[in-house]
Amino acid sequence: MVYQRLDASRTYCSSDGRILLSGVIPIQALQGNPFSDFSIAERKQWAVQRQTTEEEDIAYCLLGLCEVSMPPIYGEGKEAALKRLQMTVKEFSKDSSKPKDLEDNVVPFIVPFDRNPNFTGRKSQLAQLEEKLFKGGQTTKVAVTGLGGVGKTQLLLELVYRIRDKYKNCSTIWIPVTNIESLHQAYLGVARQLGIADCEEDKADLKRLVQGYLSKESAGQWLLVFDNADDINMWIAEAGSEPGSGRLIEYLPRSEQGCIVFTSRDRKTAVKLAHQNIVDVPEMDEEIATQLLQKCLINSDLLNSGSDTKALLEELTYLPLAIVQAAAYINANEITFTDYLLLLEDQEEEVIDLLSEEFEDDGRYDSVKNPVATTWLISFEQIRHRDPLAANYLSFMCCIDPKDIPQSLLPPGPSRKKEIEAIGTLNAYSFITKRPADLALDLHRLVHLSMRNWLRKEKLLAHSTKGVITRLQEVFPDEDHKNRSVWRTYLPHARYVLESNLVDKDWQSRMDLVWRYGMCLYEDGRWNEAEAAITEVLEIEKRDLGADHLDTLTSIANLASTYRSQGRWDDAEELEVQVMETSKTKLGADHPDTLTSMANLAFTWKEQGRDKEAMKLMEECVMLQTRIIGTNHPYTLSSRTTLLGWQTEELEIDALVNKDLDV
C-alpha cells in the first residue's frame, strides 16, 4: 500500500493544548505516548490525508493505530471495511467505555435504500409493528403482507429508520429474498460488513455464519428484515446436500434481543413464517393517496381540481405504486390529470402500454420491474407453480367482469377442498376480495388488466375466453322467471366475454350463449340490449340457414316482440307480417306457430290504432286455435281473453258515442 508523505515542516496546536505535527498527528503520539491516551476518533483522523491505491486500505491502515487485527477482504469496498473495523474495535476493547465516541457508528445499519422522503400515512401499520417488536423473552417474528405495489417495502423502510432513531444500539440488517442469487449476495455482503471470519471461503455456509453471529448474546439488539419473502418453497423446501442449501427457515437466528420482520405478497407464506403476528397493508384511502400524489408531483397546482384528482386516484385504485408511476409520467410529459385520465380510457392495449412505463424509484431493487403492469407477474408465476387451479381461476376471471363474480361460475376443481384452497391462494395474494354474504368475489381491477395483458402476450387470451364461454353455456339458465336471480348475476359476465370479440362469432356455443343472454335481457325489460343480441344471432342465421328457416323465423319473431316493447310498431309490423306469411308457406296456415304469429300481428295492429283489422285477425286466430289446439289450451284462452277485452272496449266506446249523440 502507498501512503502520502506527511509534511513535517509545520506544527499546530490543538484545542486541548496538544502539539500536532503536520496538522494531523500529535507530537505526543510520535514521542511514544500510548495510543490509549487518544480516542479512537482522534486516531482515525491521523489518516484522513492518506491516499491509497486500494480503497479498502484506508481502513486497513488504521489496524495498528487502533491496536486490533482483522483479515483484509479486498473487493468489499471502503465503507464495508470501515464498518468491519468499527465492529472489530468494539470486540477487541476490554473496556467498553473507551470507544464511546464511536458507539453510534459501530452499530451496523445494513439497509440498501435511503429513507423515502415521500413516505406518507400508514400510521396504524407502523404503530402495530412497533408494538410487536422487541417484546423480549424470545425472537419476535412479524410478517407484513399485502398486494404487490401496495407499499410493503416502503413501510418497512420507514420502520427501520424509525428503529435506528429510537434504539441507538440496535443493529439493522436488510436481506432481499427476490431469488436465490440475490439472497446469496445479500448474505455475503452482510457477513463482510459484520466482519465474520471465514466468510470468503469457497464453501462457507454464509447463512449459518450470519445465524451464528446474531444468535450470540454479544450481538446485542438487532432487527433482521427479509423483504419479498413470497416463495414459500425457498423457506420450507427439502434441504439439499450442498453447504448452505438447507431450508431457509432453519437459518433464522434466535435471540431474546432479536426481531425478524418479513414482507410477503402471499398471506399463506406470511402465516407460515410469523404465525398470528400479521400486519396487513391495505390500499390507501383518498386523503392519504392525495398526500402521496402531492409529494410526488412537480406541479402541485394540478391538485386544485378536486374532481380530477378524485377521478385519477379512483382509476389508479389508490395503489401507491400506480400513483407514483402516474406522477412520474405526468411530471416527465408536463400533462394534466385530465390528459392522463383520457389515456386510461383508451383501448386496453394502450392502457397496458401506459402502465408499462418504466420510472426511476430509489426505493426499489434494480432487478425488480417498476411498472404496475408487470409488478404482479412474479406473483402469478409463483401461483402457477404452487397452485395450478388458482392460476386457472385467475385466467378465467380475467376474461369476465372483475366485479361480483359468483363462485358458482368458476369451473369445478378436482375436489371441493382444492377449490377452497385455490380461492384462498388468490385471496392470500390480495388479488381478490371475498363478498361473504353472497359467495361472490371481486378481482382487483388493475390485476385484471395486467393478467389479461400476460395472457395476450402468451397467446392464451382467446383460449381462456373460449373456456369461459363454454362454462357460461353450461351454467347460464333459460329466461324462465324462476331463474331470474341466477341469470341476473351471470349477465354482466356474459356481456363482458361476448363483447371481447376474441372468438369466432359463428361458433355455435357462442351463438347459443348470445341467444340466452338476449332472451334474459328481454325478460328483464332491457329492450335495447336485447335487440342487439337477438339481431346478432338473426344475421348469422339468415346467412347460414336462410331467411325461411324455422330458427331464423323464431329469431325474427323475437326481434319483432322487442320492437313492440320499444314502441316501434311499424318495425314490429313489418317483421310480423314476414313471419306470418313465411310460416303459412313453410308450416301451413293452421300450424300453432303460424297462429302465434297471427296473434302477435293482431296486437301490433291494435297498438297502431287499426282496431277493426286487429279484431278481425284475432277472431280468425281464436277460431283456428279452438279447432286445432283446443278450447282449453293456454294459447287459445289467452287469445280469447284478449279478443273479449277488445270487444268489450268497443261496446263501451259505442255506448259513449251513442250517449253523446242523444245529448
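The paragraphs below set out a description of the structure included in this document. Note that this is a predicted model, so its numbers are computed, not measured. (Residues numbered from 1 in each chain as written. Predicted model: local features only at pLDDT ≥ 70, side-chain atom pairs only at ≥ 80, totals over all residues. Heavy atoms only, no water.)

**Side note on the overall build of the chain**
Right, so step 1: Each helix and strand counted, the chain has 30 helices and 12 strands in total.
Right, so step 2: Expressed as a percentage of the 663 residues in the chain, the buried residues total 48%.
Right, so step 3: For the chain, restricting intrachain contacts to residue pairs at least 6 apart in sequence, the fraction spanning at least 24 positions comes to 65%.
Right, so step 4: Counting only carbon and sulfur atoms, one obtains 49% of the accessible surface of the chain, whose full area is about 33000 Å². (Helix = DSSP H or I, 4+ residues; strand = E, 2+ residues; numbered from the N terminus. Buried < 20%, exposed > 50% of the residue type's maximum accessible area, 1.4 Å probe, protein only. Contact = heavy atoms within 4.5 Å. Areas by Shrake-Rupley, 256 points an atom, 1.4 Å probe, with all protein chains shown as cover.)

**Some words on the pairing of strand S7 (residues 222-227)**
Right, so step 1: Across the 6 residues of S7, 6 count as buried, placing the element largely inside the fold.
Right, so step 2: Burial along S7 is two-sided: Trp222, Leu224 and Phe226 facing one way and Leu223, Val225 and Asp227 facing the other are all buried.
Right, so step 3: Bridge count between strand S6 (residues 171-176) and S7: 6 bridges; the pairing is parallel. Counted as the bridge partner of Thr172 is Leu223 from S7.
Right, so step 4: Where S7 meets strand S8 (residues 258-264), 5 bridges bridge the pair, whose relative direction is parallel. Residue pairing for S8: Val225 is matched across the bridge by Val261. (Pairing = 2+ DSSP bridges.)

**Quick word on the packing of helix H8 (residues 180-193) against helix H9 (residues 206-215)**
Right, so step 1: It is at 9 Å that the axes of H8 and H9 come closest, and there the two elements cross at 45°. One element, H8, and the other, H9, form an angle in the oblique class. Relative to H9, H8 is oriented so that their crossing is left-handed. From H8, Leu183, His184, Tyr187, Leu188, Val190 and Ala191 reach across to H9, where they touch Leu206, Lys207 and Val210.
Right, so step 2: Tallied by class, the residues present in the contact of H8 with H9 amount to 7 nonpolar, 1 polar and 1 charged. (Axes fitted to C-alpha atoms, helices over the stretch in contact; angles between N-to-C directions. Parallel < 35°, antiparallel > 145°, perpendicular 65-115°, else oblique. Left-handed = near helix turned anticlockwise from the far one by under 90°. Nonpolar A, V, L, I, M, F, W, Y, C, P; charged D, E, K, R; others polar.)

**Some points on the environment of Pro117**
Right, so step 1: Relative to the helices and strands, Pro117 is located in the loop between strand S4 (109-110) and helix H6 (123-132).
Right, so step 2: For the pair formed by Pro117 and Glu158, sequence separation is 41 residues and the distance between their alpha carbons is 9.4 Å.

**Looking at the packing of aromatic side chains**
Right, so step 1: Counting across every chain of the model gives 12 aromatic pairs.
Right, so step 2: When the ring of Phe109 is compared with that of Tyr161, the centres are 5.1 Å apart and the planes differ by 65°; the resulting orientation is edge-to-face. Of this pair, Phe109 sits in strand S4 while Tyr161 sits in helix H7 (residues 152-166), and the two are 52 residues apart along the sequence.
Right, so step 3: Using a relative accessible area of 13% as the deciding quantity, one classes Phe109 as buried.
Right, so step 4: Between the aromatic rings of Phe134 and Tyr167, the centroid separation amounts to 4.9 Å while the plane-to-plane angle is 55°, which identifies the pairing as tilted. (Phe/Tyr/Trp six-rings, centres within 6.5 Å; stacked < 30°, edge-to-face > 60°.)

**Digging into the side chain of Thr582**
Right, so step 1: Mapped onto the secondary structure, Thr582 falls in helix H27 (residues 569-586).
Right, so step 2: Residue contacts for Thr582: discarding those within four places in its chain leaves Asp548, Leu553 and Leu587.

**Topic: helix H15 (residues 337-344)**
Right, so step 1: Every buried residue of H15 is accounted for by Phe337, Tyr340, Leu341 and Leu344. Take H15 and look down its axis: the buried residues cluster within an arc of 100°, on one side only. (Arc of directions from axis to C-beta.)

**Some words on the sheet that holds S8**
Right, so step 1: With respect to topology, 6 strands assemble into an open sheet ordered S4-S6-S7-S8-S5-S9, the strand pairing being parallel. Edge positions in the sheet fall to S4 and strand S9 (278-280), since each of these pairs with one other strand and no more.
Right, so step 2: Pairing of strand S5 (residues 140-145) with S9 involves 3 bridges; the strand directions are parallel. Bridge pairing in S9 places Val144 opposite Val279.
Right, so step 3: Strands in contact with H8 are S4, S6 and S7; relative to S6, the strand with the most contacts, it is inclined by about 160°.

Honestly, that's just the spatial picture; any functional story needs more than this.
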